[in-house]
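The residues making up each chain are set out below.
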Amino acid sequence: MAFIAKTLVDLGFKLYSSSPDVEAYLKGLPYVTAKRMFFPTKDKRLLREVFDEYDIQCVINLSKTRGKGFTDEDYVARRNAVDFGLPLLNNARCAKLWVEASPRKIS
């Protein structure tokens with residue numbers, strides 16, 4: 001996750017997190033900044049507004065466990081990324097490969 005976060009920041013992406021633990025981890029990395037965002041789990045319309053407000057273009061969700069229910073933040077993030085037509089990366093190896101390829105495509 002550290003490599004993914006650092007590379008995305010170097011490419012000019014802004015990182016957001018709904019989890020205080022992930023935010024703390026990302027802020028602990030050198031030269032990486034992340035902002036915690038309010039993440040509604042029950043109101044899809046409000047969640048769409050949050051995605052628009054923060055200009056979310058892609059969701060990388062590398063949760064370790066399966067969601068416990070329909071209001072689990074990780075499940076809601078993945079489900080709504082698909083519903084909103086956003087790219088979703090939820091496999092660490094795929095996310096790493098995407099991040100490695102991105103500088104070649106963006107430049």
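Residues numbered from 1 in each chain as written. Predicted model: local features only at pLDDT ≥ 70, side-chain atom pairs only at ≥ 80, totals over all residues. Heavy atoms only, no water.

As annotated in an unreviewed UniProt entry, the protein chain carries the name MGS-like domain-containing protein and is attributed to Scleroderma citrinum Foug A.

For the protein chain, the helix and strand inventory stands at 5 helices and 4 strands. Each helix (α) and strand (β) of the protein chain, taken in turn from the N terminus, gives the series α-β-α-β-α-β-α-β-α. The C-alpha radius of gyration of the protein chain comes to 14 Å, within 12% of the 13 Å expected for a compact globule of 107 residues. Within the protein chain, residue pairs in contact and separated by at least 24 positions form 53% of the contacts whose partners lie at least 6 positions apart. (Helix = DSSP H or I, 4+ residues; strand = E, 2+ residues; numbered from the N terminus. Rg over C-alpha atoms; globule rule 2.2 N^0.38 Å. Contact = heavy atoms within 4.5 Å.)

Bringing the nonpolar core into the picture now. Generally speaking, nonpolar side chains in soluble globular proteins are found buried as a group. Residues Met37, Phe39, Leu47, Phe51, Ile56, Val59 and Leu86 are the most contacted members of the largest nonpolar core, which totals 13 residues. One finds Ile4, Leu26, Ala34 and Val99 within the second-largest nonpolar core, a separate group that totals 11 residues. (Core = buried A, V, L, I, M, F, W, Y, C linked by side-chain atoms within 4.5 Å. Buried < 20%, exposed > 50% of the residue type's maximum accessible area, 1.4 Å probe, protein only.)

The space that makes up the largest pocket amounts to roughly 1,100 Å³. Along the wall of the largest pocket there are 34 residues; nearest its centre are Tyr16, Ser17, Val22, Ile60 and Asn61. At the level of elements, helix H1 (2-10), strand S1 (15-17), helix H2 (20-27), strand S3 (59-60), helix H4 (73-83) and helix H5 (92-106) are the ones that each hand at least two residues to the lining of the largest pocket. Looking at the lining of the largest pocket residue by residue, the classes come out as 21 nonpolar, 7 polar and 6 charged. (1 Å grid on protein atoms, 1.4 Å probe; cavity = no way out; pocket = protein on both sides within 12 Å on 5 of 7 lines; lining within 4 Å. Points joined across faces, edges and corners; volume = space filled by probe spheres on them. Nonpolar A, V, L, I, M, F, W, Y, C, P; charged D, E, K, R; others polar.)

Take H5 next. Here H5 is 15 residues long and its end C-alpha atoms lie 21 Å apart, about the 21 Å a rise of 1.5 Å per residue gives. Maximum bend of H5: about 25°, positioned at Glu100, with proline Pro103 one to four residues after it. Inspection of H5 places Ala95, Val99 and Ser102 among the buried residues, and these make up the whole buried set. Taking the backbone nitrogen of Arg93 as reference, a side-chain oxygen 2.9 Å away marks Asn91 as the first, capping residue of H5. (Expected span 1.5 Å × (residues − 1). Bend = angle between axes of the 7 residues up to and from the residue. Polar contact = N/O pair within 3.5 Å; in protein donor to acceptor, adjacent residues only side chain to side chain.)

To continue, consider the pattern of salt bridges. Applying the stated rule across the entire model yields 7 salt bridges. Between Lys6 and Asp10 there is a salt bridge whose closest N-O contact spans 2.7 Å. Placement of the pair is Lys6 and Asp10 together in helix H1, with a separation of 4 residues, close to one helical turn. The exposure class of Lys6 is partly exposed, given its relative accessible area of 28%. A salt bridge links Asp83 to Arg79; the shortest N-O distance between them is 2.7 Å. Placement of the pair is Asp83 and Arg79 together in helix H4, with a separation of 4 residues, close to one helical turn. Exposure remark for Asp83: the relative accessible area of 36% places this residue in the partly exposed category. The class for Arg79 is partly exposed, based on a relative accessible area of 36%. Members of the salt-bridge network, linked through shared partners, are Lys44, Arg79 and Asp83. (Salt bridge = Lys/Arg side-chain N within 4 Å of Asp/Glu carboxyl O.)

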